[in-house]
Amino acid sequence: MRNPATTAALAESAELVLPWLPPQDLTAAASSCRTLRAAASAVTARRAADAARGLEPLPVPFHNAVDSKPYAYFLYTPFSLTGPSSTRAQPWGCSRDGPPEPTWPRPNLDGFPSAVCGCACSAEECGGPECACADEEADAGSSGSEAGMGSLRECGDECACGPSCGNRRTQRGVTVRLRVVRHLQKGWGLHAAEAIGRGLFVCEYAGEFLTTEEARRRQRLYDELASAGKLSPALIVIREHLPSGKACLRVNIDATKVGNVARFINHSCDGGNLRPVLVRSSDSLLPRLCFFAARDIVEGEELTFSYGDARLRPKGLPCFCGSSVCSGVLPSEET
């Protein structure tokens with residue numbers, strides 16, 4: 001029989017080490033002895049309780065009544081990062097998680113274009129109707145009153161105001177209750193855990209900002225793995241045509257390995273209940289992709305949007321959205 005002091009020391013060490021392990025290593029550790037099995041079980045339960053790892057204002061739990069998978073493993077970031085990411089490990093499932101880390105100000109995107117500075121308003125004026133960052137069509141741009149992708153301007157890190165500014169509606173993290181639900185055919189999906197009113201901000205699509213070359217390299221790999229059922233990729237390509245019509249801005253965000261809760265939002269051929277909006281801050285030329293409720297959403301409803309009108313491939317991945325206009329195949333495009 002193991003000495004009680006030894007058992008206590010092992011349990012304490014397990015609390016420090018096990019949260020850093022990916023699922024396969026956590027399972028291997030659990031098979032070694034009873035103490036580690038109990039510690040691994042506790043880590044798994046805490047992971048299933050919050051996909052956001054305490055990095056959002058509200059927890060986002062997993063719910064699975066389909067199979068034995070308690071959670072989906074990935075590295076979490078509340079905001080997009082330059083890629084390829086240097087993040088190799090991240091603790092998840094600690095027993096003494098601290099309060100959520102602030103999602104503002106956002107990190108400097110080294111290597112990507114940015115504006116010189118923010119607006120010239122004082123802290124008291126910033127975010128008001130006279131603020132240079134204010135968007136005159138903010139309500140129309142974020143409420144989902146029009147089809148397609150909207151646009152919105154917000155204050156940035158160089159502005160005098162703080163995170164409570166009314167013109168930073170997408171910069172406070174996930175403030176509506178959500179849950180990640182397992183589906184028999186679609187895999188994981190993001191659901192509303194409370195009623196969400198039309199026009200409310202739901203979440204940002206966060207991941208790794210990629211160059212076009214890197215995005216194409218990863219997409220080729222992801223296509224092979226996805227066709228074999230070994231991966232559910234979450235790489236999104238945004239193309240915004242400039243006013244001249246002669247060029248377009250391309251932004252690649254990959255949430256496959258490093259992302260946030262938006263990576264679980266599934267496609268719907270009817271456009272879904274979320275409206276994608278490109279949000280620009282005053283000090284950055286690179287937009288962020290954010291989602292607003294396109295209509296009133298009831299508690300328990302799955303959150304979806306259209307992945308785009310890209311060409312359909314006969315051998316593409318099957319679509320299980322269930323809408324009356326479902327094409328049967330997920331949209332896809334050459335990146």
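Residues numbered from 1 in each chain as written. Predicted model: local features only at pLDDT ≥ 70, side-chain atom pairs only at ≥ 80, totals over all residues. Heavy atoms only, no water.

Caption draft 1: View of the overall build of the protein. Secondary structure assignment for the protein yields five helices and 15 strands. Buried residues in the protein amount to 47% of all 335 residues. Long-range contacts, defined here as pairs at least 24 residues apart, represent 68% of the contacts in the protein between residues at least 6 apart. Accessible surface for the protein amounts to roughly 17,100 Å². Of this, 53% is attributable to carbon and sulfur atoms. (Helix = DSSP H or I, 4+ residues; strand = E, 2+ residues; numbered from the N terminus. Buried < 20%, exposed > 50% of the residue type's maximum accessible area, 1.4 Å probe, protein only. Contact = heavy atoms within 4.5 Å. Areas by Shrake-Rupley, 256 points an atom, 1.4 Å probe, with all protein chains shown as cover.)

Caption draft 2: Geometry of the pairing of strand β5 (residues 178-183). Across the six residues of β5, five count as buried, placing the element largely inside the fold. When β5 meets strand β6 (residues 187-192), the two strands line up antiparallel, connected through six bridges. If you follow Arg179 over to β6, its bridge partner there is His191. (Pairing = 2+ DSSP bridges.)

Caption draft 3: Examining the packing of helix α1 (residues 4-17) against helix α3 (residues 34-49) more closely. Running from N to C, α1 and α3 cross one another at 30 degrees; their axes reach a closest spacing of 9 Å. Between α1 and α3, the interaxial angle falls into the category roughly parallel. Where α1 crosses over α3, the handedness of that crossing is right-handed. Taken together, the residues of α3 that come into contact with α1 (itself represented by Thr7, Leu10, Ala11, Ala14 and Glu15) are Thr35, Leu36, Ala39 and Arg46. (Axes fitted to C-alpha atoms, helices over the stretch in contact; angles between N-to-C directions. Parallel < 35°, antiparallel > 145°, perpendicular 65-115°, else oblique. Left-handed = near helix turned anticlockwise from the far one by under 90°.)

Caption draft 4: Summary view of the sheet that holds β6. Strand order in the open sheet formed by three strands is β1-β5-β6, and the pairing between neighbours is mixed. Lying at the two open borders of the sheet, with one neighbouring strand each, are β1 (62-63) and β6.

Caption draft 5: Region of interest: the side chain of His183. As for its position among the elements, His183 is in strand β5. A relative accessible area of 18% places His183 in the buried class. If sequence neighbours within four positions are ignored, His183 has contacts with Val66, Trp188, Gly189, His191 and Glu302.

Caption draft 6: Molecular detail of α3. Look at α3: 23 Å from first C-alpha to last across 16 residues, which is about the 22 Å you get at 1.5 Å a residue. For α3, the complete set of buried residues consists of Thr35, Leu36, Ala39, Ala40, Val43, Arg47 and Ala48. On the buried face of α3, the contacting elements are α1, α2 (23-30) and β1. (Expected span 1.5 Å × (residues − 1).)

Caption draft 7: The sheet that holds strand β3 (residues 81-82), seen in detail. The four strands are arranged β3-β8-β10-β9 in an open sheet whose pairing can be described as mixed. Looking at the sheet topology across the chains shown, the edges are occupied by β3 and β9 (235-241). Two elements, strand β8 (residues 208-210) and strand β10 (residues 248-254), share three bridges in a ladder whose sense is antiparallel. Counterpart to Leu210 in the pairing with β10 is Asn252. In the packing of helix α5 (residues 212-227) onto the sheet, contacts are made with β8, β9 and β10, and the angle to β10 comes to roughly 50 degrees.

Caption draft 8: Expanded view of the pattern of salt bridges. In the structure shown here, the tally under the stated rule is 10 salt bridges. Between Lys186 and Glu302 there is a salt bridge, with the nearest N and O atoms lying 2.5 Å from each other. Pair noted here: Lys186 is in the loop between β5 and β6 and Glu302 is in the loop between β14 (288-293) and β15 (304-305), with a separation of 116 residues, a long-range link. Of the charged contacts, one joins Glu301 and Arg295 as a salt bridge, the two residues approaching to 2.5 Å between their closest N and O atoms. Connected via shared salt-bridge partners are Glu208, Glu214, Arg217, Arg218 and Asp254. (Salt bridge = Lys/Arg side-chain N within 4 Å of Asp/Glu carboxyl O.)

Caption draft 9: Geometry of the nonpolar core. Formed by 52 residues in total, the largest nonpolar core has its most connected members in Leu18, Phe62, Leu178, Leu190, Tyr205 and Phe291. It is α3 that provides the largest number of residues to this core, a total of four residues. (Core = buried A, V, L, I, M, F, W, Y, C linked by side-chain atoms within 4.5 Å.)

Caption draft 10: Quick look at the environment of Ala28. Relative to the helices and strands, Ala28 is located in helix α2. C-alpha of Ala28 to C-alpha of Ala40: the two residues are 12 residues apart in sequence and 9.6 Å apart in space.

Caption draft 11: Focus on the packing of aromatic side chains. Tallied over the entire structure, the rule returns 11 aromatic pairs. Plain terms: the ring middles of Phe74 and Tyr76 are 5.9 Å apart, the flat faces sit at 50 degrees to each other, and that makes the pair tilted. Like Phe74, the residue Tyr76 is buried in the burial classification. A network of ring pairs unites the aromatic residues Phe62, Tyr71, Tyr73, Phe74, Tyr76, Trp92, Trp188 and Phe264 as a single cluster. If you follow Arg53 out to its NZ or CZ, it ends over the ring of Trp92, 3.6 Å from the centre. (Phe/Tyr/Trp six-rings, centres within 6.5 Å; stacked < 30°, edge-to-face > 60°. Lys NZ or Arg CZ within 6 Å of the ring centre and 35° of its normal.)

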